[in-house]
Amino acid sequence: MTNHMKFVLWLKAALIRALKTFAQTAAAMIPAKVTITDVSWLTVLGTAALAFVVSMLTSIAGLPEVEYKTQKIEAGAGSEDAVVKEEDK
């Protein structure tokens, strides 16, 4: 597997994680006892966007749901393969 393919796999997993973080943060920022017009949407979106950026930066350290492994081919040459763990999808 080429470095480009590894990067694409990492980017997809990091974006999914960051989007989930964005949604969770936005939901947590909406107060329970206000009407929809009373919500400060700029604050909600700004805070969620910051959480998105922090999640992407944290993903640089590595994503546990992306695992790279080496598989042997019959001829003895090695080829790399990357898998996303099913339980983390």
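Refer to the structure above for everything that follows.
Residues numbered from 1 in each chain as written. Predicted model: local features only at pLDDT ≥ 70, side-chain atom pairs only at ≥ 80, totals over all residues. Heavy atoms only, no water.

(A) Molecular detail of the overall build of the protein. Each helix and strand counted, the protein has 2 helices and 2 strands in total. What you see in the protein, going N to C, is helices and strands ordered as α-α-β-β. Residues classed as buried in the protein amount to 21% of the 89 residues present. Residue pairs at least 24 apart in sequence account for 57% of intrachain contacts in the protein once pairs closer than 6 positions are excluded. When the accessible surface of the protein is totalled, it reaches about 6500 Å², and 65% of it is carbon and sulfur. (Helix = DSSP H or I, 4+ residues; strand = E, 2+ residues; numbered from the N terminus. Buried < 20%, exposed > 50% of the residue type's maximum accessible area, 1.4 Å probe, protein only. Contact = heavy atoms within 4.5 Å. Areas by Shrake-Rupley, 256 points an atom, 1.4 Å probe, with all protein chains shown as cover.)

(B) Broad picture of helix α2 (residues 41–59). Taking 1.5 Å of rise per residue, the 19 residues of α2 would be expected to cover 27 Å, and the 27 Å separating its terminal C-alpha atoms lies within 8% of that figure. Listed in full, the buried residues belonging to α2 are Val-44, Ala-48, Ala-51, Ser-55, Met-56 and Ser-59. What you see down the axis of α2 is that its buried residues fit within an arc of 135°, all on one side. In α2, the exposed positions that point more than 90 degrees away from the buried face belong to Leu-42, Leu-50 and Leu-57. Considering only its buried residues, α2 is in contact with α1 (3–29). (Expected span 1.5 Å × (residues − 1). Arc of directions from axis to C-beta.)

(C) Spotlight on the nonpolar core. Within the largest apolar cluster, 8 residues are counted, these being Leu-9, Trp-10, Ala-13, Ala-14, Ala-18, Met-56, Leu-63 and Val-66. A total of 5 residues in this core trace back to one element, the largest contributor, which is α1. In contact with Ala-14, other than residues within four places in its own chain, are Met-56, Ser-59 and Leu-63. (Core = buried A, V, L, I, M, F, W, Y, C linked by side-chain atoms within 4.5 Å.)

(D) Structural view of the packing of α1 against α2. Remark: α1 packs on α2, axes separated minimally by 8 Å, with the N-to-C direction vectors making an angle of 150°. Considering the angle they form, α1 stands roughly antiparallel to α2. In the packing of α1 onto α2, the handedness of the crossing is right-handed. Residue-level inspection shows Trp-10, Leu-11, Ala-14, Leu-15, Arg-17, Ala-18, Leu-19, Thr-21, Phe-22, Thr-25, Ala-26 and Met-29 of α1 in contact with α2, the latter providing Thr-43, Val-44, Leu-45, Thr-47, Ala-48, Ala-49, Ala-51, Phe-52, Ser-55, Met-56 and Ser-59. Among the residues forming the contact of α1 with α2, the class breakdown is 16 nonpolar, 6 polar and 1 charged. (Axes fitted to C-alpha atoms, helices over the stretch in contact; angles between N-to-C directions. Parallel < 35°, antiparallel > 145°, perpendicular 65-115°, else oblique. Left-handed = near helix turned anticlockwise from the far one by under 90°. Nonpolar A, V, L, I, M, F, W, Y, C, P; charged D, E, K, R; others polar.)

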